[in-house]
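# Summary of the model geometry
For reference, the chains in residue letters:
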Amino acid sequence: YKMEWLLCYFAFKLQNPHRKVQKFLIAFCNACGCGKTSVRIFCEKIYGVDKTLFCENLEELQKDENSEFLNKMFCIVDDIEKASRKTSDSLKGKISSDTFKYKKLYHDRKTMPSYLDLIATSNAREPTFIGNDNRRTELVVINPELKGNRTFWKGFYEEDCQNPEIAGIWFHFLANKE
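Note that the structure is a prediction, hence the values are computed from the model and not measured.

### Quick look at the nonpolar core
Formed by 19 residues in total, the largest nonpolar core has its most connected members in Phe10, Cys43, Tyr47, Phe74, Ile76, Ile119 and Leu174. For this core, the secondary structure elements donating two or more residues are helix H1 (2-15), helix H2 (38-47), strand E3 (74-77) and helix H6 (164-176). In contact with Cys43, other than residues within four places in its own chain, are Phe10, Gly48, Thr52, Phe74, Ile76 and Ile119. In terms of nonpolar packing, the next biggest core, distinct from the first, is built from 18 residues, Ile26, Ile80, Ile95 and Ala120 among them.

Shown next, in the form of structure tokens:
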């Protein structure tokens, strides 16, 4: 069920780049090296490097100068751990708002359209505060089966991710998925 939901999520975003899904995906596994951050490569290959923003942490996502967010479809936030309730609440606006306050260094703030959907990776099962009424956050548990499988990951990063035919097959599949 969750895999079908994820495929629909990525298909919707490809078929409707002008709309937000308004979900905050958190790829979770307490094991390191199981492929959580590979979602970044997937998004860059399917949607484009210019449409995918990578942040090392939540602080980068919340910095004042945010001109990089303009016209991005995805923001991948790596390794979020135990965000405070205040930080978690501030993410709600980024998840569901159709606009954001654009700020470029030495320029005034402007309200601009936001197409940005958030995806994060975490080693913690509860990296952000999730209230009982939260309908924005989806925890995606990553299977650790491929952790340490050097042959698979070497093939994935050095061959699969570099092959434009494979990216084209994914693009075609998602573009035509109902």
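Having seen it, we continue.
### A few points about unusual backbone geometry
Positive phi, close to 65°, is recorded for Gln22, a residue that is not glycine. We note that Asn71 has phi near 65°; this positive angle belongs to a residue other than glycine. Relative to the helices and strands, Asn71 resides in the loop between helix H3 (58-61) and E3. Looking at Asn71, the relative accessible area reads 38%, which means it is partly exposed.

### Focus on H1
In this model, H1 (14 residues) spans 20 Å end to end at C-alpha, consistent with the 20 Å of a helix rising 1.5 Å per residue. Those residues of H1 that sit buried are Leu6, Leu7, Tyr9, Phe10, Ala11, Lys13 and Leu14. The inward-facing, buried residues of H1 contact strand E1 (24-28), H2, E3, strand E6 (117-122), strand E7 (137-141) and H6.

### As for the packing of aromatic side chains
Tallied over the full model, the rule gives 16 aromatic pairs. Plain terms: the ring middles of Tyr9 and Phe74 are 6.3 Å apart, the flat faces sit at 50° to each other, and that makes the pair tilted. On the criterion of sequence distance, the pair formed by Tyr9 in helix H1 and Phe74 in strand E3 is long-range, its members being 65 residues apart. The same class applies to Tyr9 and to Phe74, which are both buried. Through a chain of ring-to-ring contacts, the aromatic side chains of Trp5, Tyr9, Phe10, Phe42, Tyr47, Phe74, Trp170 and Phe173 assemble into a single cluster. If you follow Lys2 out to its NZ or CZ, it ends over the ring of Trp5, 5.9 Å from the centre. Sitting over the face of the ring of Phe54, Arg40 holds its NZ or CZ atom 3.9 Å from the ring centroid.

### Concerning the packing of H1 against H6
The angle between the axes and the distance between the axes are what describe a pair of packed helices. Where H1 contacts H6, the axes come no closer than 8 Å and their chain directions differ by 85°. In terms of orientation, H1 lies roughly perpendicular with respect to H6. Residues Leu7, Phe10, Ala11, Leu14 and Gln15 of H1 pack against Trp170, Phe171, Phe173, Leu174, Ala175 and Asn176 of H6. Tallied by class, the residues present in the contact of H1 with H6 amount to nine nonpolar, two polar and no charged.

### What about the pattern of salt bridges?
Opposite charge on two side chains permits them to pair, given that their charged atoms come into close proximity. By the definition in use, this model includes eight salt bridges. When the shortest N-O distance is used, the salt bridge between Lys2 and Glu138 registers 2.9 Å. Taken together, the residues span a long stretch of sequence, with Lys2 in helix H1 and Glu138 in strand E7 at a distance of 136 residues. Lys2 gets classed as partly exposed once you look at its relative accessible area, which sits at 31%. Glu138 gets classed as buried once you look at its relative accessible area, which sits at 18%. A salt bridge links Glu4 to Lys177; the shortest N-O distance between them is 2.7 Å. With a gap of 173 residues between them, Glu4 in helix H1 and Lys177 in the segment after H6 connect regions that are remote in the sequence. The class of Glu4 is partly exposed, set by a relative accessible area of 41%.

Conventions and cut-offs
Sequence order sets the numbering: in each chain, residues are counted from 1 along the sequence as written. Totals for whole chains, interfaces and linings use every residue, but because this is a predicted model, local features are given only for residues with pLDDT of at least 70 and side-chain atom pairs only at 80 or more, for both listing and counting. With hydrogens and water set aside, each side-chain value is computed from the structure's full complement of heavy atoms. Take the buried Ala, Val, Leu, Ile, Met, Phe, Trp, Tyr and Cys residues and link them wherever side-chain atoms come within 4.5 Å; each set so joined is a nonpolar core. Type-normalised accessible area, obtained with a 1.4 Å probe on protein chains alone, sets the label of each residue: buried when under 20%, exposed when over 50%, and partly exposed for intermediate values. Numbering of helices and strands runs from the N terminus; a helix is a DSSP stretch of H or I covering at least four residues, while a strand is a stretch of E covering at least two. Contact between two residues is taken to exist if any of their heavy atoms lie within 4.5 Å; hydrogens are not considered. Helices are assigned an expected span. That span is 1.5 Å times one less than the residue count. We call Phe, Tyr and Trp rings a pair once their centres come within 6.5 Å, taking the six-membered ring for Trp, and we label the pair stacked below 30 degrees between planes, edge-to-face above 60, and tilted otherwise. Two conditions define a charge sitting above a ring: the NZ of Lys or the CZ of Arg must be within 6 Å of the ring centre, and it must be within 35 degrees of the ring normal. Inter-axis angles, ranging from 0 to 180 degrees, are taken between N-to-C directions of lines fitted to C-alpha atoms, where helices are fitted over the stretch in contact. Note on terminology: angles under 35 degrees are roughly parallel, angles over 145 are roughly antiparallel, angles of 65 to 115 are roughly perpendicular, and the others are oblique. Three classes are used, and their members are as follows: Ala, Val, Leu, Ile, Met, Phe, Trp, Tyr, Cys and Pro are nonpolar, Asp, Glu, Lys and Arg are charged, and the others, Gly among them, are polar. Whenever Lys or Arg places a side-chain nitrogen within 4 Å of a carboxyl oxygen from Asp or Glu, that contact is recorded as a salt bridge.

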